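Structure at a glance
One letter stands for each residue in the lines below.
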Amino acid sequence: MIYSAAPLLLAMTLLLVGSPLAQASQPVSKTSGRPSETQQAGGEGTVTLREEELGQSQTGGESGQQLDQKGGASESVLASVYVQLDFLHQTWPLALSRTLTLAFASVSTTPRALTGLNLTTECSIHQDGSTYCACLSGYRWNASVCSHRRPCQSPHSRGPCGCLVFSPSEAGYCQLLPPASPASCLPTVPGILSLDSEVQMPGNTLNVTFVTSHETTNRNWFLRPSGSPKPILLQPGTQVSLTSSPGLAVLSIVNISHKWAGEYMCCFEAQGFRWELNQVVKVPLQATDVARLPDQLSVSCATSPGFQLSCCLPSTHLTYTASWSPAEGSKASFVNTPGSQCFVLAVQRCPAADTTYTCELQSPGLNPLRVPVSVTIIRDGDTTCPEASSAVAWNVTKAGHVAQAPCPVNRTGVVRRTCGLDGSWEPICSGCTDTGLLALSHRAWLLRAGQGWPAAEVPQILAELSQQALAVSSPSDLLALLGTISFLAKVVVDARTQLNRSALEALLKTTDKVLDMDASSLWTPAQEQKPSMGSDLLLAVETLARSLCPEDHPFSFRLQNVQLQTQLLGPTVPADYRVSFSTQPPLQAHIPRCSLAPLGHNGTNISITSLVLQKLDHLLPSNYGQGLGDSLYATPGLVLAISITAGGQAFDGGEVIMDFEDAGGTPHCVFWDHSLFQGKGGWSGEGCQVQTAPASPTTRCLCQHLTAFSILMSQNTVPENPTLELLSQVGLGASILALLVCLGVYRLVWRAVVQNKVAYLRHMALLNMVLCLLAADTCFLGAPLLPPGPRSPLCLAAAFLCHFLYLATFFWMLAQALMLAHQLLFVFRRLSKCRVLSLMVGLGYMCPMGFAGAALGLYLPRGQYLGEGACWLSGKGGALYTFVGPVLAIVGVNGLVLAMAVLKLLRPSLSEGPQAEKRQAVLVVIKALLVLTPLFGLTWGLGLATLLEEVSAVPHYIFTLLNATQGVFILLFGCLMDKKVREALLKRVCRSQSPNSTSSLVSYWLQVLSSPAKSRSEIAVPQPCREETGSARS
């Protein structure tokens, strides 16, 4: 464009024809010189050039050849001579139409005749004095000029280096592009840009390939989307990847959609110029890209004889034609909105039956896209919701259907309201999101995908987000805002972008506003849609806060809910790092020098960022990890996040000491672990411990890593007593030794004691119980030697084995009790050895495996499987109850069986007889209790007291004393008090033969427990009948 009201800066290419007086020795091309001084063009149009201006070429960086002024044949040569002409008003076309004579300053030169004139550059002078210059066809700016001048935003702009801005004291000219061959003057771009197909199907991977035989530098990829005024830089992201090799570069975009349609440009430098190649990519729309309003409709023809349907499609490079069917009795029209086009169907006559209307979108060469909208007719007798009006007018709607309405101005989405089956309206569900917030969220999403320049756009989005935070009025607004912050944090990490102070201030202002937002109306509904949003906010703010540029340290910023302090330390750390915050309650923290010194060993600076977020702990989900319960905890109302960066890398190791004001109760030093509960996050105490002083009003937390910290205050705690630990270890050791002795005894007398069916089953159950308890006690005793924590596979395996083996012990106890109950209730009922043994094995091993496996699968992902600092089930999260529940149930059943046996013993003795026999019966009951209580695991019932009385150590002592030594009781009462075992053992030792007598299981227990000890050996054991093979002496 040429402005007639302003002077025109021109550069021209001159076709010089050698005269008879002047000869050139050889052809010369691409010669140029510095712009000469301006000569005012008058009526004669004379231009004066100095000889030295015919110099070295600037096109392509190659050297031109000077005109030889001495002799040779007369011939034509092509030379590029650059001059500056100033023409006033409209005189320049007339002046250039005249013949111009080049008069050289040197007298030794021969004049040249100008026979051709080409314009290379057109410029316009703006009011500020700067000059906007653009190249004409066949000419281009030198790459060096492009890199040192800023582009102008004007109609002159043609590509990345189309129009440049020059200061008043500068002048610039475009240069002739290199020709394709010596026989052609047309320029050739040194490369080819290709793609497999112009139309790419959604979901596919787009590959744009650039091939060149020249050396290229400064290669960049751009995308100009449909309707976008300027191209967007493409960089590696979640969808974009760039690969290159000598002579080849490939741009790949995965899972392409219509958002990636547009003109792709590859800009590069070669042969001294900046080049640009273009390819247009078209992506068809999908059904999900088309917005329907409504997507379903119930209408009463009596009250609403007409209705309106619409389908809207976004801007795209493809041309679509739309049509509705059926179209009878309807009128269609187009409505253009910013960024989209809507095709509206106004149905003027209500259909007689339920109808599905279809919006069909057709683009040449593609399959038609059909979007259905179902319309249900309300008939007489149908249950309906009446018309209602609040902020939105709701028409009569059929029961079970959802009414829809558009969002208010400046909001995007749909408002929905369900008509209940009883004909009453349910609460309004608004899916409306502020248009500004949605646009920022979309920009951040595209930025992470690979569209845009993070260093420039992240600060811009943060600044706009601080203003848009005031527009948050719904849960969807809050989700969009927090999603934008999370996207930006991921972009900063992936692109290694650093933020300046203004960008970080904008982030902290936004965070302060978010923490002040109402919990009941905004946070709670939003967390129902995305439970991890509080954890995501904490992680994003942590990440962005530590991305401050090194030159902006130290930085201190304080708002009502946010406080930030940063400091940059040199490679040699002089002392401990200390920081304090004037919060309520007050907070102090320091990092010892020994933790910081190793980070500066390469001479790198160390940046420390300390961030306090108040109110955030109440917005985080109530998830508690290993060793922490899910209730009875309170937080101080703040979260402290400390991060260290050295050499551009974040470090999470190192010791940090924090002093929290004591708020009462039992403190637990915790940190927020983002990996717990399947990514939802949770409090964990791993690596942190409490250091309390009796007279100190503060709680000191010592942690071996850096992250977001706080404290949890609980009201009760399980006592920790070294004496109790020692008693447990000694008891388990004695139990293991006794069980080994029991196995040795069975090894000697097994054949003698299992000579009949019932005895076999009873001793088989007892043997399996001994094996399981032995393995469980051994595993439990060795578990403290393993490294605790959820990340220790050995500790996890030990906890699972202890859980399974102890449960298996109790289920084998249950098997013994059920056998005794069967003999008490069904004396003459036969037992099948194979069937009963199969049932016992299934009961003894399959049931405990089911409980143990379910607990592992249910509570391990939540971080509630292992207890704090121990390889055993967590007593706070619910995993322990998968052990306590079955054990208490088995103890209850076994207690009932024991009561049945005691009543059986008391019934014949206490009803009649002298006083001595009554006393003897009481002694028999006591002996029965002593024998059956350890065998049935009844002492474990005391574990209920340890659950109910956590503040007292007495139940723990009693429980540990009785149950840690359970193996000793089993050896004494389950093995050695068995008469048959004693006889077989004595026979094995003394080589004497004992009588082989049999009796029923019930008669044996009753006779052994009811007879005096001195006369038990004299008891006559009756022989059973052959029909009673189901019972035998045990």
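Note that this is a predicted model, so its numbers are computed, not measured. Here the residue numbers are simple positions, counted from 1 along each chain's written sequence. Residues qualify for local features only when their pLDDT is at least 70, as the model is predicted, and side-chain atom pairs are given and counted only at 80 or more; totals for whole chains, interfaces and linings, by contrast, use all residues. The side-chain figures draw on all heavy atoms in the structure; neither hydrogens nor water molecules are used.

1. Section: the overall build of the protein
Each helix and strand in the protein was counted, giving 21 helices and 51 strands. For every residue, the accessible area obtained with a 1.4 Å probe (protein chains only) is divided by the maximum for its type, and the residue is called buried under 20%, exposed over 50%, and partly exposed between those limits. A total of 1034 residues make up the protein; the buried ones form 48% of that total. Put simply, 70% of the contacts in the protein that link residues at least 6 apart link residues at least 24 apart. Total accessible area on the protein is roughly 48600 Å²; 57% of this is exposed by carbon and sulfur atoms. A helix here means a DSSP run of H or I that spans at least four residues, while a strand means a run of E at least two residues long, and both kinds are numbered starting from the N terminus. Working rule for contacts: check all heavy atoms of both residues, and any pair within 4.5 Å makes them a contact. Exposure was quantified through the Shrake-Rupley algorithm and a 1.4 Å probe, taking into account, for residues, occlusion by the shown protein chains and nothing else.

2. Considering the environment of Leu794
Mapping Leu794 onto the fold places it in helix H13 (residues 793-825). Residue classification places Leu794 among the exposed residues on the basis of a relative accessible area of 53%. Measuring from C-alpha to C-alpha, the distance between Leu794 and Cys871 comes to 8.8 Å, with 77 residues separating the pair along the chain.

3. Observations regarding the nonpolar core
We define the nonpolar core as a collection of buried residues of types Ala, Val, Leu, Ile, Met, Phe, Trp, Tyr and Cys that are connected through side-chain atoms lying within 4.5 Å of one another. Within the largest apolar cluster, 68 residues are counted, with the highest numbers of intra-cluster contacts made by Tyr806, Met840, Tyr865, Phe883 and Trp940. Elements with a contribution of two residues or more to this core: helix H11 (722-753), helix H12 (757-782), H13, helix H14 (833-859), helix H15 (881-910), helix H18 (954-964), helix H19 (966-976) and helix H20 (979-990). The leading source of residues in this core is H13, at 18 residues. What Trp940 contacts, discounting residues up to four positions off in sequence, is Tyr806, Phe810, Phe883, Val887, Leu888, Val891, Phe959, Asn963 and Gln966. Grouped together as the second largest cluster of nonpolar side chains are 54 residues, Val492, Ala503, Met517 and Leu564 included.

4. Details of the pattern of salt bridges
The working definition used for a salt bridge is a side-chain nitrogen of Lys or Arg within 4 Å of a carboxyl oxygen of Asp or Glu. Using the criterion set out here, one finds 11 salt bridges in the structure. The partner of Lys398 in a salt bridge is Asp382, and the shortest N-O contact between them spans 3.8 Å. Linking Lys398 in strand E33 (residues 397-398) with Asp382 in the loop between strand E29 (369-377) and strand E30 (384-385), this pair joins segments that are 16 residues apart in sequence. The partner of Arg700 in a salt bridge is Asp659, and the shortest N-O contact between them spans 2.8 Å. On the criterion of sequence distance, the pair formed by Arg700 in strand E50 (residues 698-705) and Asp659 in strand E46 (residues 653-661) is long-range, its members being 41 residues apart. Classification of Arg700 by relative accessible area gives partly exposed; the value is 32%.

5. Re the side chain of Gln451
Topologically, Gln451 is positioned in the loop between helix H3 (435-449) and helix H4 (454-468). A residue is classified by how much of its surface remains accessible, and Gln451, at 4% relative accessible area, is buried. Identification of polar contacts relies on pairs of N or O atoms within 3.5 Å, with a donor-acceptor requirement for protein atoms, meaning one able to donate a hydrogen and the other able to accept it, and with residues adjacent in sequence counted only if both atoms are side-chain atoms. Within the structure, Gln451 has its side chain in polar contact with the backbone oxygen of Lys259 (distance 3.5 Å).

6. Overview of the sheet that holds strand E22 (residues 291-293)
Between any two strands, pairing holds if DSSP finds at least two bridges. Overall, antiparallel pairing links the 4 strands, which are arranged E22-E24-E27-E26 in an open sheet. Edge positions in the sheet fall to E22 and strand E26 (330-337), since each has one partner strand and no second. Across the sheet, the axes of successive neighbouring strands diverge by a mean angle of 15°, strand direction being ignored. By the bridge criterion, 3 bridges tie E22 to strand E24 (residues 307-314) in an arrangement that is antiparallel. Of the residues in E24, the one forming a bridge with Leu293 is Ser310. A fitted line through C-alpha atoms serves as each axis, taken over the contacting stretch for helices, and the angle formed by two N-to-C directions is quoted from 0 to 180°.

7. Describing the environment of Asp196
Relative to the elements of secondary structure, Asp196 occurs in the loop between strand E14 (192-195) and strand E15 (206-211). On the basis of relative accessible area, Asp196 is assigned to the exposed category, the value being 60%. With 11 residues separating them along the chain, Asp196 and Asn207 place their C-alpha atoms 7.4 Å apart.

8. Things to note about unusual backbone geometry
In the segment running from Ser325 into Pro326, the intervening peptide bond is cis, with an omega of -5°. Phi is positive for Arg496, close to 55°, though the residue is something other than glycine. Structurally, Arg496 can be placed in the loop between helix H5 (475-495) and helix H6 (501-515). Backbone geometry places Phe677, a non-glycine residue, at a positive phi of 55°. By the secondary structure assignment, Phe677 is in the loop between strand E47 (666-673) and strand E48 (682-684).

9. Some points on the pairing of strand E39 (residues 555-558)
The two faces of E39 differ: Phe555 and Phe557 on one face are buried, but Ser556 and Arg558 on the other face are not. Sheet topology note: the E39/strand E40 (residues 562-569) ladder contains 4 bridges and is antiparallel. Each residue of the ladder has a partner; that of Arg558, found in E40, is Gln563. The hairpin turn running from E39 into E40, its antiparallel successor, is 3 residues long.

10. Quick word on the state of the cysteines
Working definition: a disulfide is two cysteine sulfur atoms within 2.5 Å of each other. With the rule as written, the count across this model stands at 11 disulfides. Between the sulfur of Cys407 and that of Cys432 lies a disulfide, 1.9 Å long from S to S. Given an S-S torsion of about -95°, the disulfide between Cys407 and Cys432 has left-handed geometry. In this pair, Cys407 is assigned in the loop between strand E34 (402-406) and strand E35 (411-412) and Cys432 in the loop between strand E37 (425-430) and strand E38 (433-434), connecting sequence segments 25 residues apart. Across the pair, exposure class does not vary: Cys407 and Cys432 are buried alike.

11. Some words on the packing of H5 against H6
For the pair H5 and H6, the least separation of the axes is 12 Å and the interaxial angle reads 145°. Here the hand of the crossing between H5 and H6 comes out left-handed. For the pair H5 and H6, the contacting residues are Leu478, Leu481, Leu482 and Ile485 in the first and Leu507, Thr510 and Val514 in the second. Note on residue categories: nonpolar means Ala, Val, Leu, Ile, Met, Phe, Trp, Tyr, Cys or Pro, charged means Asp, Glu, Lys or Arg, and polar means any other residue, Gly included. Of the residues assigned to the contact of H5 with H6, the class counts are 6 nonpolar, 1 polar and no charged. Two helices that cross are described as forming a left-handed crossing if the nearer one is turned anticlockwise from the farther one by less than a right angle, and a right-handed crossing if clockwise.

12. Details of the sheet that holds E50
Within the open sheet, the 5 strands sit side by side as E41-E42-E46-E50-E49. Their pairing is antiparallel. The sheet is open, and its two borders are formed by strand E41 (577-581) and strand E49 (688-691), each paired with just one other strand. Strand after strand, the sheet turns through a mean of 20° between neighbouring axes, direction not considered.

13. Quick word on the packing of aromatic side chains
In this description, an aromatic ring pair is defined by two values, namely the gap between the centres and the angle between the planes. Two rings from Phe, Tyr or Trp (for Trp, the six-membered ring) form a pair when their centres sit within 6.5 Å of each other. Planes less than 30 degrees apart are called stacked, planes more than 60 degrees apart edge-to-face, and all others tilted. According to the stated counting rule, one finds 16 aromatic pairs in the structure shown. Their ring planes at 45° and their centres at 5.4 Å tell us that Trp141 and Phe166 sit as a pair that is tilted. In this pair, Trp141 sits in the loop between strand E9 (139-140) and helix H2 (143-148) while Phe166 sits in strand E10 (residues 163-166), placing the two residues 25 residues apart along the sequence. A single burial state applies to Trp141 and to Phe166, both of which are buried. Arranged with centres 6.4 Å apart and planes meeting at 70°, the rings of Tyr806 and Phe883 form a pair that is edge-to-face. Highlighted residues: Tyr806 in helix H13 and Phe883 in helix H15, separated in sequence by 77 residues. Given the relative accessible area of 6%, Tyr806 is considered buried. Of the residues examined, Phe883 reaches a relative accessible area of 6% and is grouped as buried. By the ring-pair criterion, three or more aromatic residues cluster together here, those being Phe780, Tyr806, Trp872 and Phe883.

14. Brief notes about H4
Note that an α-helix has 3.6 residues per turn; residues three or four places apart therefore point the same way. Under the convention used throughout, the expected extent of a helix is 1.5 Å for every residue step, that is, one less than its residue count. End to end, H4 covers 20 Å across 15 residues, agreeing with the expected 21 Å (1.5 Å per residue, within 8%). Residues of H4 that are buried include every one of Pro454, Glu457, Val458, Ile461, Leu462, Leu465 and Ser466, and no others. In this fold, the buried residues of H4 make contact with H3, H5 and H6.

15. Describing the packing of H5 against helix H7 (residues 519-529)
Axis separation between H5 and H7 bottoms out at 8 Å; the angle between their running directions is 70°. Accordingly, the angle class assigned to the pair H5 and H7 is roughly perpendicular. Along the contact surface, H5 presents Pro475, Leu478, Leu479 and Leu482, while H7 presents Ser521, Leu522, Trp523, Pro525, Ala526 and Gln529. A per-class count over the contact of H5 with H7 returns 8 nonpolar, 2 polar and no charged. Roughly parallel here means an angle under 35 degrees, roughly antiparallel means over 145, roughly perpendicular means 65 to 115, and every remaining angle is called oblique.

16. Remarks on the confidence of the model for the protein
Of all residues in the protein, 73% attain a pLDDT of 70 or more, and the chain-wide mean is 76. pLDDT under 50 marks residues 1-78. Its contacts with residues more than four places away, or in other chains, come to 215 contacts. One confidence number per residue, pLDDT, is output by the predictor and ranges from 0 to 100.

17. Overview of the pairing of E41
The side-chain alternation of E41 yields one buried face, formed by Tyr577, Val579 and Phe581, and one unburied face, formed by Arg578 and Ser580. A loop of 5 residues connects E41 with strand E42 (residues 587-591), the two strands running antiparallel in sequence.

18. Details of the environment of Trp940
The residue Trp940 is located in the loop between helix H16 (915-935) and helix H17 (943-948) in this model. Put simply, Trp940 and Phe959 are 19 residues apart on the chain and 7.2 Å apart in space, counted from C-alpha to C-alpha.

19. Comments concerning the side chain of Ser300
Structurally, Ser300 can be placed in the loop between strand E23 (296-299) and E24. Setting aside anything within four residues of it in sequence, one finds Ser300 in contact with Pro305 and Ile378.

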